[in-house]
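As a plain string of letters, each chain reads:
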Amino acid sequence: MKRLKEKGLIRSIGPRLYTSVPQSKIKEVVRASWSSIVSRLYPRALLSHRSALEYGPSPKGEIFLTSGTHRKVVYPGLTLRFMCGPAPLPDDPPFLSLRASSLPRALLENLSITRTKDGSRTLPSADIEKKLEAILHVSGES
């Protein structure tokens, strides 16, 4: 990697992440590659909150993860928000090389009260209700 950097073939775009993509396309490529970035660089994290229901970045380009630390990692076009919380449970399904919150856990995470003004970590109540209605329609009450 050192030789590629010296030759100018790759450049750093954030913590532990390099690219050879033209500057004009970096945000688009990083956002589209969010799952590979998270699973390779943070395999012990748990995809949680709205990210566990949407399996993609929020409208603001955020991915929410539960881990043993509270921090924010910013890449062009993508922000990873880590929150302290419990490790994956046995019923949390695998997602690439990491895990995602199970549906019941993700729903509870999204119903939690947040201190953020914009509430971007959780889906709006109307979206959660639609998701629950769809589950009831497909799976029934049980």
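Each remark here, short or long, concerns the structure printed above.
This structure is a prediction, so every number in the text was calculated from the model and none was measured.

Engineer: Let's hear about the overall build of the chain: which residues, and what values?
Structural biologist: Counting its regular elements, the chain contains six helices and eight strands. Seen in sequence order, the chain has helices and strands lined up from the N terminus as α-β-β-α-α-β-α-β-β-β-β-β-α-α. Structurally, the chain occupies a C-alpha span of about 60 × 30 × 30 Å along its principal axes. Here the chain, with 142 residues, has 41% of them falling under the buried criterion. Look at the contacts in the chain between residues 6 or more apart in sequence, and 45% of them connect residues 24 or more apart. Charge centroids of the chain, computed over 23 positive and 12 negative side chains, lie 14 Å from each other.

Engineer: Before we move on, could you go through the environment of M1 and cite the residues and values that matter?
Structural biologist: Along the chain, the position of M1 falls in the segment before α1 (2-6). Residue class for M1 comes out exposed when judged on its relative accessible area of 59%. Spatially, the C-alpha atom of M1 lies 9.2 Å from that of Y18, the residues being 17 residues apart in sequence.

Engineer: An account of the packing of helix α5 (residues 103-111) against helix α6 (residues 125-139) is needed here, citing residue identities and associated values.
Structural biologist: With their axes 11 Å apart at the nearest point, α5 and α6 run at an angle of 155° to one another. Taken together, the axis directions place α5 and α6 in an arrangement best described as roughly antiparallel. The handedness of the crossing between α5 and α6 is left-handed. Judged by residue contacts, L103, L107, N110 and L111 of α5 engage I128, K131, L132 and I135 from α6. Here the contact of α5 with α6 is built from residues that sort into six nonpolar, one polar and one charged.

Engineer: A description of the pairing of strand β6 (residues 78-84) should follow, citing residues and the corresponding values.
Structural biologist: By the criterion of burial, β6 is predominantly enclosed, with five of the seven residues buried. Where strand β4 (residues 62-67) lies against β6, six bridges are found, and the strand directions are parallel. By the bridge assignment for β6, L65 is matched with F82. Across five bridges, the pairing between strand β5 (residues 71-75) and β6 is antiparallel. Directly across from V74, in β6, lies its bridge partner T79.

What counts and what doesn't
Residues numbered from 1 in each chain as written. Predicted model: local features only at pLDDT ≥ 70, side-chain atom pairs only at ≥ 80, totals over all residues. Heavy atoms only, no water. Helix = DSSP H or I, 4+ residues; strand = E, 2+ residues; numbered from the N terminus. Buried < 20%, exposed > 50% of the residue type's maximum accessible area, 1.4 Å probe, protein only. Contact = heavy atoms within 4.5 Å. Lys, Arg positive; Asp, Glu negative; His and termini not counted. Charge placed at Lys NZ, Arg CZ, Asp CG, Glu CD. Axes fitted to C-alpha atoms, helices over the stretch in contact; angles between N-to-C directions. Parallel < 35°, antiparallel > 145°, perpendicular 65-115°, else oblique. Left-handed = near helix turned anticlockwise from the far one by under 90°. Nonpolar A, V, L, I, M, F, W, Y, C, P; charged D, E, K, R; others polar. Pairing = 2+ DSSP bridges.

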